[in-house]
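# Notes for the structure review
One letter stands for each residue in the lines below.
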Amino acid sequence: MTEPDHIPQTFLGLPESAAAYARARVVVLPIPFEATTSYGSGTRDGPAAILAASRQVETYDADLGADLADAPIHTAAPLAPDFSSPSAMTDRIHAAAARYLADGKWVLGLGGEHAVTLGLVRAAADVHGPLSLLQVDAHLDLRDAFEGTPYSHASVMRRCLDEGHRTVHVGIRNVSQEEAALVRDRGLPVFYGRDCAAGDAWIDQAVDALADPVYVTFDVDGLDPSVIRTTGTPEPGGLGWWQAMTLLARVFARRRVVGADVVELAAAGDRASDFAAARLAARLAALALHGSP
Ligand SMILES: [Mn+2]
């Protein structure tokens, strides 16, 4: 039972009646995993910060004309980290997401570091086949390995590429020479931060480059630090908030999106960053439930 004056500990503070698993169409899966972060730390606390901030988000989404007050969104218990081997956590995430997908749920993962995406993508691919991944990020994460592990946050998109998925990269503004060569050799669609700053023509081009089904992986450092600054590796010159919202609206309008994640928020007591990440997660859930107007 929820005490009358207490907001439930669910995503958006949804009442337990709304958030029951059986009726849920969306499952919010907190994954407080941090093992390979290379610069600032704190992503292990990202999911809790997003959930806490989400309880202050207005459930009515005026842009979509949708109210989430009784939305069928279940908040799963945080997935316990497994540090036993580089691939063990990926397997654990894969198994958890697979269970929800088997029950017909749409999974919204909350990281944690970007490495968590691989397990979520594998589970989605088991059900839907090869995916188009829309990556919003400052970094390509296309290194073959980083600091000795192929399961690093800096290699996650490379693993996805190697596993047969198509990738489209948006907001990119810090790449390695190895990654630049791979982009060139494979002709990967990359929309650099400086291109995104020049206007909005890139938005439809990015959606054009995606094929159904689509999975959205949103590293919050893809946004400009004026929107979200508490992230492991902040980079100047990122997407504006409304650019990101327009991108998501177009993707959901034009493509079949089968899952998403929000990763790399490093909880550091910055309310603006936490709240923006919660708004982002809420928008993804709203789009998953109601589509793009
Ligand atoms: Mn990044």
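See the structure shown above.
Per chain, residue numbering runs from 1 following the sequence as it is written. The predicted origin of the model limits local features to residues at a pLDDT of at least 70 and limits the giving and counting of side-chain atom pairs to 80 or more, whereas totals for whole chains, interfaces and linings rest on all residues. Side-chain descriptors were evaluated using all non-hydrogen atoms of the structure, hydrogens and water having been removed beforehand.

On to the pattern of salt bridges, then. The working definition used for a salt bridge is a side-chain nitrogen of Lys or Arg within 4 Å of a carboxyl oxygen of Asp or Glu. Taken as a whole and judged by the stated rule, the model has 13 salt bridges. The salt bridge partner of D82 is R92, with a shortest N-O separation of 3.4 Å. Of the two residues, D82 sits in the loop between β4 (73-75) and α2 (88-102) while R92 sits in helix α2, which places them ten residues apart along the sequence. Burial status follows relative accessibility: with a 1.4 Å probe on protein chains alone, a residue under 20% of its type maximum counts as buried, one over 50% as exposed, and anything between as partly exposed. For D82, a relative accessible area of 16% puts it in the buried group. Note on R92: relative accessible area 33%, which makes it partly exposed. The partner of R250 in a salt bridge is D204, with the nearest N and O atoms 3.3 Å apart. Remark: D204 occurs in helix α7 (residues 201-208) and R250 occurs in helix α8 (residues 241-254); sequence separation between them is 46 residues. For R250, a relative accessible area of 31% translates into the label partly exposed. You can call D204 partly exposed: its relative accessible area is 32%. Via salt bridges that share partners, D144, R158, R159, D162 and E178 belong to a single interconnected network. By definition, any uninterrupted DSSP run of H or I lasting at least four residues is a helix, any uninterrupted run of E lasting at least two residues is a strand, and each is numbered from the N terminus.

Here the focus is unusual backbone geometry. A cis amide bond links G111 with the next residue in sequence, G112, at an omega value of 10°. Along the chain, the position of G112 falls in the loop between β5 (106-111) and α3 (117-128). Between D212 and P213 the backbone carries a cis peptide bond, its omega angle lying at -10°. Positive phi outside glycine occurs at D141, with the angle close to 55°. Within the secondary structure, D141 sits in the loop between β6 (132-136) and α4 (156-162). Even without glycine at this site, E264 takes up a positive phi of about 75°.

Okay, the coordination of the manganese ion next. As a rule, N, O and S atoms within 2.8 Å of a metal are its donors, except that Na, K and Ca use 3.2 Å; water is not among the atoms, so sites may look incomplete. Protein ligation of the manganese ion involves D137 (OD), H139 (ND1), D219 (OD) and D221 (OD), the donor distances falling in the range 2.2 to 2.4 Å. Considered as a linear motif, the donors of the manganese ion on their single chain read D-x1-H-x79-D-x1-D. Side by side, D219 and D221 carry an identical accessibility label, which is buried.

Quick look at empty space enclosed by the protein now. Each cavity reported here is a set of points on a 1 Å grid over the protein atoms alone in which a 1.4 Å probe fits but cannot get out, each pocket an open set with protein on both sides within 12 Å along at least five of seven lines, and each lining residue one with an atom within 4 Å of a point. Grid points are joined across faces, edges and corners, and a volume is the space filled by probe spheres set on the points. Enumeration according to the criterion identifies one cavity of 30 Å³ or more in this entry. Taken as a whole, the largest cavity holds about 50 Å³ of empty space. Elements with a minimum of two residues in the lining of the largest cavity: α2, β5, α3 and β10 (257-263). The classification used treats Ala, Val, Leu, Ile, Met, Phe, Trp, Tyr, Cys and Pro as nonpolar, Asp, Glu, Lys and Arg as charged, and all other residues, Gly among them, as polar. Here the residues of the lining of the largest cavity sort into eight nonpolar, two polar and no charged.

Glancing now at the sheet that holds β6. Whether two strands pair comes down to DSSP finding at least two bridges between them. The strand order across the open sheet built from eight strands is β4-β1-β5-β10-β9-β6-β7-β8, with neighbouring strands paired in parallel fashion. Because the sheet does not close on itself, it has two edges, and the strands there are β4 and β8 (190-192). Strand-to-strand twist of the sheet, defined as the mean angle between neighbouring strand axes without regard to direction, takes the value 15°. The pairing of strand β1 (residues 26-31) with β5 spans six bridges and is parallel. Bridge pairing links V27 to V107 in β5. Contact definition: two residues touch when any of their heavy atoms are within 4.5 Å. Under this scheme, a helix contributes an axis fitted over its contacting stretch, all axes are lines through C-alpha atoms, and angles between N-to-C directions fall in the 0 to 180 degree range. Against the sheet, α3 contacts β1, β5, β6, β9 (214-219) and β10, and its axis sits at roughly 170° relative to β9.

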